[in-house]
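Here is how the chains run, residue by residue.
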Amino acid sequence: MNRLTSRHLIEKLTSDQAARVERLDRPPSLAVILPMGETGVHAASEKYVLRKTAHARQVGVDARVFSITQPEIPSTMARLQSQALSGLMLQLPLPNPDETDRLCSLIPEKLDVDGLRPDSPFDTPTAKAMMAMAEETGIEMSDQRIVVVGACSRVAGASLARILQREDLDPILIDPRLPKQYSLKHELAKATLVFSSVGKPGLIAADMLPKHPVTLVDAGVKIVEGKAHGDLESAIFDLERDDVSATPPIGAVGPLTVTELIGNVIDNAEETQATAA
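Below you will find a few notes about this structure.

## A short note on unusual backbone geometry
For step 1, the next point in the chain: Following Leu 92, the chain continues to Pro 93 via a peptide bond in cis, the omega torsion being 5°.
For step 2, the next point in the chain: The topology assignment puts Pro 93 in the loop between strand E5 (87-90) and helix H4 (100-104).
For step 3, the next point in the chain: Backbone geometry at Asp 168 places phi at a positive 60°, although glycine is not the residue there.
For step 4, the next point in the chain: Inspection of the secondary structure assignment puts Asp 168 in the loop between helix H6 (157-166) and strand E7 (172-174).
For step 5, the next point in the chain: Judged by its relative accessible area of 73%, Asp 168 is exposed.
For step 6, the next point in the chain: Even without being glycine, Glu 225 reaches a positive phi, approximately 55°.
For step 7, the next point in the chain: Within the secondary structure, Glu 225 sits in the loop between strand E10 (222-224) and strand E11 (227-229).

Have a look at this one:
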């Protein structure tokens, strides 16, 4: 079994991003809103935001974090819109998740570098990271039978499906929220490339994999009792098969998502500069 990690790809993209920022007239600027609940900031969210701002600063992007309560989000967003930003993001989950759609809609379309709005011009960083992990293996995408598990996921599946369809690929989309339903086990048996972002540990079991070569890209990571678990059953990583390649829950899609987010910020800054020229 081949473990697919993102370290070398991140190093390559980081170097490229730093060079792109150097060529800009002014550094890109990213504002991150980190919501606080009654007991303070969500620990996992705070850790993730620190990773984002650290990578941003590493490549020369100005990143600022605003730790505020959920009721303060609308006024803070309105104030930030008057500034020269290259990106504005709202770290999820919210203390009150019922307001997710409403608050995400307050992010200006042109600044939605996290791709949270349905009409965002940006692909979500998680979807881009999943796609990049698959392409990094060197497989020819047009030759693959592709299955997307969790195809309605806001941060991954839905955006990934759009990327694939934009490239004239025809993935099988599996999600209970879709009108057409497929059998997960049946479709996995025929797949050669699987993307999953459900967040249900062990959803894809080792005995569900096809007998032929397959690549598995997993973004459905969930922390259970302090340990990261993916949609892929842990037994998959113990298989003695050279024709199975898979991303582990740590060191693959997650870190690359941070890099892809900052890539969106730089893309936006480049476009803004080109438009102004």
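## Brief notes about the pairing of strand E6 (residues 146-149)
For step 1, the next point in the chain: Residues Ile 146 and Val 148 point to one face of E6 and Val 147 and Val 149 to the other, with burial holding for every one of them.
For step 2, the next point in the chain: Sheet topology note: the E6/E7 ladder contains 3 bridges and is parallel. Pairing of Val 148 across the sheet is with Leu 173, part of E7.
For step 3, the next point in the chain: Taken together, E6, H6 and E7 form a β-α-β motif whose crossover is right-handed.

## Comments concerning the sheet that holds E7
For step 1, the next point in the chain: The strand order E1-E12-E9-E8-E6-E7 describes an open sheet built from 6 strands, whose pairing is parallel. A single partner strand is all that each edge strand has here, and the edge strands are strand E1 (2-3) and E7.
For step 2, the next point in the chain: Pairing of E6 with strand E8 (residues 193-196) involves 4 bridges; the strand directions are parallel. What sits directly across from Val 149, in E8, is Ser 196.

## Focus: the packing of helix H5 (residues 125-136) against helix H8 (residues 253-276)
For step 1, the next point in the chain: Put simply, H5 and H8 touch, their axes get as near as 8 Å, and they point 115° apart. In this view, H5 runs roughly perpendicular relative to H8, as classed from their interaxial angle. The handedness of the crossing between H5 and H8 is right-handed. Here Pro 125, Thr 126, Lys 128, Ala 129, Met 130, Ala 132 and Met 133 of H5 come into contact with H8, specifically with Val 253, Leu 256, Thr 257, Glu 260, Leu 261, Asn 264 and Asp 267.
For step 2, the next point in the chain: For the contact of H5 with H8, the class distribution of residues is 8 nonpolar, 3 polar and 3 charged.

## Some words on the layout of surface pockets
For step 1, the next point in the chain: Estimates place the volume of the largest pocket at around 1,600 Å³.
For step 2, the next point in the chain: In terms of lining, the largest pocket is formed by 49 residues, of which the most central are Tyr 48, Leu 92, Val 155, Ala 219 and Val 221.
For step 3, the next point in the chain: Of all the secondary-structure elements, those providing two or more residues to the lining of the largest pocket are helix H2 (43-58), H5, H6, E10 and H8.
For step 4, the next point in the chain: Tallying contributions element by element places H2 first for the lining of the largest pocket, with 6 residues.
For step 5, the next point in the chain: Partitioned by chemical class, the residues of the lining of the largest pocket number 25 nonpolar, 14 polar and 10 charged.
For step 6, the next point in the chain: Empty space within the second largest pocket amounts to approximately 240 Å³.
For step 7, the next point in the chain: In this structure, the second largest pocket is lined by 13 residues; those nearest its centre are Lys 227, Ala 228, His 229, Ser 234 and Pro 249.
For step 8, the next point in the chain: When grouped by side-chain class, the residues that make up the lining of the second largest pocket number 6 nonpolar, 4 polar and 3 charged.

## What about the nonpolar core?
What tends to happen in soluble globular proteins is that the nonpolar side chains get buried as a cluster.
For step 1, the next point in the chain: In terms of nonpolar packing, the biggest core is built from 27 residues, with Met 141, Ile 146, Val 148, Leu 160, Leu 164, Phe 195 and Val 217 touching the most fellow members.
For step 2, the next point in the chain: Those elements giving two or more residues to this core turn out to be helix H1 (7-22), H5, E6, H6, E8 and H8.
For step 3, the next point in the chain: The element that contributes the greatest number of residues to this core is H5, accounting for 7 residues.
For step 4, the next point in the chain: When sequence neighbours within four positions are dropped, the list of residues in contact with Val 217 reads Met 130, Met 133, Ala 134, Leu 193, Val 194, Phe 195, Ser 196, Thr 247 and Val 253.
For step 5, the next point in the chain: One finds Leu 188, Met 208, Leu 209 and Ala 246 within the second-largest nonpolar core, a separate group that totals 21 residues.

Rules and cut-offs
- Residues numbered from 1 in each chain as written.
- Predicted model: local features only at pLDDT ≥ 70, side-chain atom pairs only at ≥ 80, totals over all residues.
- Heavy atoms only, no water.
- Helix = DSSP H or I, 4+ residues; strand = E, 2+ residues; numbered from the N terminus.
- Buried < 20%, exposed > 50% of the residue type's maximum accessible area, 1.4 Å probe, protein only.
- Pairing = 2+ DSSP bridges.
- Right-handed = clockwise from strand over helix to strand, strands pointing away.
- Axes fitted to C-alpha atoms, helices over the stretch in contact; angles between N-to-C directions.
- Parallel < 35°, antiparallel > 145°, perpendicular 65-115°, else oblique.
- Left-handed = near helix turned anticlockwise from the far one by under 90°.
- Contact = heavy atoms within 4.5 Å.
- Nonpolar A, V, L, I, M, F, W, Y, C, P; charged D, E, K, R; others polar.
- 1 Å grid on protein atoms, 1.4 Å probe; cavity = no way out; pocket = protein on both sides within 12 Å on 5 of 7 lines; lining within 4 Å.
- Points joined across faces, edges and corners; volume = space filled by probe spheres on them.
- Core = buried A, V, L, I, M, F, W, Y, C linked by side-chain atoms within 4.5 Å.

Taken by themselves, the reported measurements are silent on function.
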